[in-house]
Amino acid sequence: MTIEQIIAKIADHYPPADIALIKKAYNFAVKAHDGQKRLTGEPYIQHPLHTAFILAQLNADAPIVAAGLLHDVPEDTKYKLPTIKKLFGEDIAFLVGSVTKLSLISYRGQERYRESLKKMFLAMAKDLRVILIKFADRLHNLRTLEYLPEEKRQRIARETLEIYVPIAGLLGIWHLKWQMEDICFRHLHPHEYQELLQKYEVEKKLELAQYISRAGRELGTALDELKINHEINGRFKHLYSIWQKMNNKQRKFDEIYDVFALRVIVPTSDDCYRTLGVIHSLWKPNNNRFKDYIALPKPNGYQSLHTTVFGEEGRATEFQIRTPQMHEQAQYGVAAYWNYKEGNKYQLTPNLHWTQEILALQKDNPDTQTFIQKLQLDIFNDHLFVLTPRGDVHELPLGATPIDFAYAVHTEIGNKAKGVLINNKIGRLDEILHNNDLVEIIIDKKQAGPDLAWLKFVKTSKAKAAIRQYAHRSALVRLAKLQSLRDWWK
Ligand code: MN
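Figured I'd write up the structure that's included with this text. Keep in mind that what you see is a predicted model, and the values were worked out from it rather than measured.

Before going further, it helps to spend a moment on the overall build of the protein. Looking only at helices and strands, the protein features 20 helices and 13 strands. Per-residue burial for the protein yields a buried fraction of 50% across its 490 residues. Sequence-distant contacts, at least 24 apart, represent 65% of the contacts inside the protein between residues at least 6 apart. As displayed, the protein has an accessible area near 25200 Å², and 52% of this comes from carbon and sulfur atoms.

Right under this line is the structure:
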């Protein structure tokens, strides 16, 4: 890797970028790491160069790429943070310092895992750029993992799968997520990896590619007739996600049908819906497998239409339909949100409500263990969207019930919940809600408060906390009543 390659990459997506800054950071990093070598035998500077290149691939701006070049200087060389601040200014010193802090974790075992997860989340809530640099750093370290001793290799692979990968998923950065997953899979389960690689890449992929190109041609002709511009590609699942599916569903490779999808990119969201119509007129849709992530985007902003149809010979075939912008978002997640701001400054401005939630969670739960538990409950889990009769959308974790929904709308609605209408039919308060359910809570204003038995089935920590709080308060009231009763008897 050379600095010229990085400069070319940046100039490609943003010509006025501050190239002088990148050259200056490079020259300083070369000087600082002079004489150091990686375990691969290469000069150390190759590592910051690769880190910077991965950042440039994510369309990061010049200060972030510069921070990527400098990220190991304070920890591994005689030049410390104040020098970086003097030479490169406050912002770059902040980025480099934050990345350095993230890697300093002295805990062991489970404690280590919790602490680093918490650190990552807080860093992320404060400034997403830090996490992106850390991701790029980790991805390059993973690529050279074979040079480390077995034990360390396993630890890093496991830590990556447990901490980095879920966060990359949360941020929607698939481009990094799948690469990390497949490398970790290869190191943690080498035999399964090789076996699947052989079955999938070697034996199956060609056959699938032929099938995909036939289906793509048929759809392409139909779209041409309607004059809808389009690009159709085959999209293969990567090995780790196939392996996960086999494990989760206890299936053999031959029983996993959705190892591929056809991706259709069309100019506007209007075209997406028209394309969906075309697909459904060519092949019979599987009713249960349609998802409209355009009208109801995923929490990380992902948008697309997904549909599975019975294709040639009744073969289940998934289509993902999206615009170029949605595609960019699907690859790079929050990193697709880099926005140009005055001059050559970008700003990362994703609309992520949960960065606020993370900070609030941290404020209310200074203890690491409860912080992580709640985080995993409310933010890490997959979500579903439920609608109020007025069409407001509420986001709930999978497995949520009408009581969770009631508390999500308002604590008083939860406390007074008496019954529920789900899609206009009478439902049960403990039943599990589904995506896009229309939910109307029936309240009883005279109801004293929540039923303690609800604690057995509610999923959100908001509902749990509200019910417990009420129980606590009414226990105090009962105690007080008992007290006054006793006083009366005296
Ligand atoms: Mn590094």
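Additional details are given in the paragraphs that follow.
The interhelical angle for the contact between helix α11 (residues 174–188) and helix α12 (residues 190–225), taken along N-to-C directions, is 120°, at an axis separation of 5 Å. In terms of orientation, α11 lies oblique with respect to α12. Where α11 approaches α12, its residues D182, F185, R186, H187 and L188 are matched on the opposing element by P190, E192, Y193 and L196. Grouping the amino acids of the contact of α11 with α12 by side-chain chemistry returns five nonpolar, one polar and three charged.

A large share of helix α18 (residues 402–409) lies buried, amounting to six of its eight residues. Buried residues of α18: P402, I403, D404, F405, A406 and Y407, and no others.

Turning our attention to the coordination of the manganese ion. The manganese ion binds to the protein through H47 (NE2), H71 (NE2), D72 (OD) and D137 (OD); the donor distances cover 2.2 to 2.3 Å. In this structure H47 comes out as buried when scored by relative accessible area, which is 1%.

Another aspect to go through is the pattern of salt bridges. The tally for this structure, following the rule as stated, stands at 13 salt bridges. K177 is the salt-bridge partner of E181, the closest N and O atoms lying 3.2 Å from each other. With E181 and K177 both in helix α11, this residue pair falls four residues apart, about one helical turn. In this structure, E181 and K177 share a single accessibility class: buried.

Volume-wise, the second largest pocket comes out at about 760 Å³. Around the second largest pocket, the lining is made up of 32 residues, and of these D137, R138, N141, K152 and I156 lie nearest the centre. If you list the elements that add at least two residues to the lining of the second largest pocket, you get α5 (73–76), α7 (90–103), α8 (109–126), α9 (128–143) and α10 (150–170). For the lining of the second largest pocket, the class distribution of residues is 12 nonpolar, eight polar and 12 charged.

What follows deals with the packing of aromatic side chains. Taken as a whole and judged by the stated rule, the model has 11 aromatic pairs. The ring of Y44 carries the charged tip of R38 above its face, separated from the ring centre by 5.9 Å. Seen from the ring of Y211, R315 lies directly overhead, with NZ or CZ sitting 4.7 Å from the centre.

On to unusual backbone geometry. Of note, N59 is a non-glycine position whose phi angle comes to about 65°, a positive value. In this structure, N59 sits in the loop between α3 (46–57) and α4 (62–70). What makes N59 partly exposed here is its relative accessible area of 21%. The residue E313 is not glycine, and still its phi comes out positive at about 55°. If you trace the backbone, E313 turns up in the loop between β5 (305–310) and β6 (316–322).

The subject of this paragraph is the pairing of strand β2 (residues 260–265). For β2, the buried fraction is high: six of the six residues fall into the buried class. Burial of β2 is two-sided: the residues F260, L262 and V264 facing one way and the residues A261, R263 and I265 facing the other way are all buried. As paired strands, β2 and β6 are joined by five bridges and run parallel to one another. Bridging across to β6, V264 finds its partner in I321.

Looking now at the sheet that holds strand β13 (residues 439–443). Pairing in this open sheet of three strands is antiparallel, and the strands run β12-β11-β13 from one edge to the other. The open sheet is flanked by β12 (425–427) and β13, the only strands paired with a single partner. For this sheet, the mean inter-axis angle between neighbouring strands, taken without regard to orientation, is 35°. In terms of strand pairing, strand β11 (residues 417–422) meets β12 through three bridges, oriented antiparallel. What sits directly across from L421, in β12, is I426. Most of the contacts of α18 go to β13, to which it runs at about 80°, and overall it touches β11 and β13.

Bringing the environment of V266 into the picture now. You can see V266 is positioned in the loop between β2 and α14 (269–282). With a relative accessible area of 1%, V266 lands in the buried category. Taking C-alpha positions, V266 is 9.8 Å from L223, a pair spaced 43 residues apart along the chain. If we skip the residues at most four places from it in the chain, V266 touches I228, N229, H230, D271, C272, T275, I321, R322, T323 and P324.

For the rest of this paragraph, the subject is helix α15 (residues 324–332). Restricting attention to buried positions, one finds in α15 the residues M326, Q329, A330 and Y332. Packed against the buried residues of α15 are α3, α11, α14 and β6. Phi turns positive, to about 55°, at G333, one or two residues after α15.

In this section: a nonpolar patch on the surface. Together, L476, L479 and L482 give the surface a local cluster of nonpolar side chains, amounting to about 280 Å² of exposed area. Along the polypeptide, L482 turns up in helix α20 (residues 461–489). The exposure class of L482 is partly exposed, given its relative accessible area of 45%.

What counts as what
- Residues numbered from 1 in each chain as written.
- Predicted model: local features only at pLDDT ≥ 70, side-chain atom pairs only at ≥ 80, totals over all residues.
- Heavy atoms only, no water.
- Helix = DSSP H or I, 4+ residues; strand = E, 2+ residues; numbered from the N terminus.
- Buried < 20%, exposed > 50% of the residue type's maximum accessible area, 1.4 Å probe, protein only.
- Contact = heavy atoms within 4.5 Å.
- Areas by Shrake-Rupley, 256 points an atom, 1.4 Å probe, with all protein chains shown as cover.
- Axes fitted to C-alpha atoms, helices over the stretch in contact; angles between N-to-C directions.
- Parallel < 35°, antiparallel > 145°, perpendicular 65-115°, else oblique.
- Nonpolar A, V, L, I, M, F, W, Y, C, P; charged D, E, K, R; others polar.
- Donors = N, O, S within 2.8 Å, 3.2 Å for Na, K, Ca; no water.
- Salt bridge = Lys/Arg side-chain N within 4 Å of Asp/Glu carboxyl O.
- 1 Å grid on protein atoms, 1.4 Å probe; cavity = no way out; pocket = protein on both sides within 12 Å on 5 of 7 lines; lining within 4 Å.
- Points joined across faces, edges and corners; volume = space filled by probe spheres on them.
- Phe/Tyr/Trp six-rings, centres within 6.5 Å; stacked < 30°, edge-to-face > 60°.
- Lys NZ or Arg CZ within 6 Å of the ring centre and 35° of its normal.
- Pairing = 2+ DSSP bridges.
- Patch = residues over 30% accessible without salt bridge, like charges linked within 9 Å, V, L, I, M, F, W, Y side chains within 5 Å.

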